[in-house]
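# Working through the structure, step by step
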Amino acid sequence: MNNTFSDNSQIGIVSSFSDLVQTDFRGEMNALCWYRNLEGDFKEIVARLSLKENITEVDREDLIALQLSEKGNRARELILTDLQVLTDLGASPALNLLKCYERDDEFDFISTDVYSFHVDRSPIATDTFLCTYHGAASDIIPNAQAEQKILIPEIRTKLKELYDGPPEGFEDFLKDNYFDLHYQVHADVEPVNLGVGHLWRLAVDHPKQQVLPCIHRAPVEREGEYRLLLIC
C-alpha cells in the first residue's frame, strides 16, 4: 500500500469498485482511491492509437479493433471493464488520448485551465471519476492547504477592474467565468500525485454535497509522451 495515500486524511482507500461508489465522503475525506496494480501493456495501446487532435476521445470500437499482444490485450480488457462498470453506474466515461489541454493565458494574474488547481462544479449530485493508465497523473491537495483565488486581495482587485457591471452582479461574474473554481496553493505544500492505474472518485461542488470539493489539477505532460486517461 502506498503510504502517501493511506496516511492522508483527505484520501479513503478501497479495494473494490462497489466500495468506491458506495463509500460516503466525510470530514476532510473528499477523494476515494480504488488502489490497484494493473497488469498489461498500456504503453502498447497508446502506441497503436492515433492522435487526431491534442485531445482525442477513443471510442470503444476503436479500442476493440486494435491488434495487440497478449499484454496489450490484457490492458485493453481492464480499460473496457472500467468503462462498462462506470456506464452501468449511469456515468458517461470517456477514454482520452492526450497530448495536452488548451492553455488559458488571457490574464497573467489568474488562469482557468485544468493545469491550475481547481474544483469541479455540477448543478446535480455527481462525482468525478478518473484513472490514468499511461503517462503523467493528476495531483490533489487538501482544502486547508489552498485559498480560493478570488479571495486573494490583489487578484480580487484586478478582477473588479475587469468587471464593468453593477456591484451586485460581481459574484455572478466570477461564477460565470469560472474564476471562483480556482485555488492558490500555500507555500511549501507538496501535492499528492494520483499515480497510474488507480481508479479515483473525487468530490464535486454540488447542492447536496456534504464535504468540500476536491482540489485537483492536470499534470504537465512529459515531453514526447501521451497520456491515456479515463474520466467522467
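That block above? That's the structure.
These numbers come from a predicted model, not from an experiment. (Residues numbered from 1 in each chain as written. Predicted model: local features only at pLDDT ≥ 70, side-chain atom pairs only at ≥ 80, totals over all residues. Heavy atoms only, no water.)

Either a parallel or an antiparallel arrangement is found when strands of a sheet pair, and the pairing is made through backbone hydrogen bonds. Pairing is mixed in the open sheet, where seven strands are placed in the order β1-β2-β10-β5-β12-β4-β3. Where the open sheet ends on each side, the last strands, each with one partner, are β1 (11-14) and β3 (55-57). Strand-to-strand, the axes of this sheet are offset by a mean angle of 25°, without reference to chain direction. (Pairing = 2+ DSSP bridges. Helix = DSSP H or I, 4+ residues; strand = E, 2+ residues; numbered from the N terminus. Axes fitted to C-alpha atoms, helices over the stretch in contact; angles between N-to-C directions.)

Take the pattern of salt bridges next. Summed over the entire model, instances satisfying the criterion amount to eight salt bridges. The salt bridge involving Asp180 is made with Arg121; its shortest N-O contact spans 2.4 Å. Of the two residues, Asp180 sits in the loop between α7 (170-176) and β8 (183-185) while Arg121 sits in the loop between β4 (94-98) and β5 (127-134), which places them 59 residues apart along the sequence. (Salt bridge = Lys/Arg side-chain N within 4 Å of Asp/Glu carboxyl O.)

Turning next to the pairing of strand β10 (residues 199-203). Summarising burial for β10: five of the five residues are buried, a large majority. The pairing of strand β2 (residues 31-34) with β10 spans four bridges and is classified as antiparallel. Residue pairing in the sheet places Leu32 in a bridge with Arg201 of β10. Relative to β10, β5 runs antiparallel, the two sharing four bridges. Along β10, the bridge assignment pairs Thr128 with Leu202. (Buried < 20%, exposed > 50% of the residue type's maximum accessible area, 1.4 Å probe, protein only.)

Attention now moves to the nonpolar core. Of all hydrophobic cores here, the largest spans 31 residues; its most connected members are Leu20, Ile45, Leu63, Ile79, Tyr133 and Leu228. Of all elements in the fold, only α2 (17-22), β2, α3 (42-48), α5 (70-88), β4, β5, β10 and β12 (227-231) reach the threshold of two or more residues within this core. Top contributing element to this core by residue count: α5, with six residues. Excluding residues within four positions of it along the chain, Ile45 makes contact with Leu63, Leu66, Leu68, Gly72, Ala75, Arg76, Ile79 and Leu228. Counting 16 residues, the second-largest nonpolar core is a separate cluster that includes Tyr101, Leu130, Leu194 and Leu229. (Core = buried A, V, L, I, M, F, W, Y, C linked by side-chain atoms within 4.5 Å. Contact = heavy atoms within 4.5 Å.)

Aromatic ring pairs are described here by two measures, namely the spacing of the ring centres and the angle between the planes. Following the criterion strictly, the structure yields eleven aromatic pairs and no others. For the pair Phe17 and Trp34, a centre-to-centre distance of 6.4 Å together with 55° between the ring planes defines the contact as tilted. With Phe17 in helix α2 and Trp34 in strand β2, the pair connects residues that are 17 residues apart, well separated along the chain. Just as Phe17 is buried, Trp34 falls in that class too. Linked through ring pairs, Phe107, Phe109, Tyr163, Phe170, Phe173 and Phe179 together constitute an aromatic cluster. Against the face of Trp34 rests Arg36, its NZ or CZ located 4.6 Å from the ring centre. (Phe/Tyr/Trp six-rings, centres within 6.5 Å; stacked < 30°, edge-to-face > 60°. Lys NZ or Arg CZ within 6 Å of the ring centre and 35° of its normal.)

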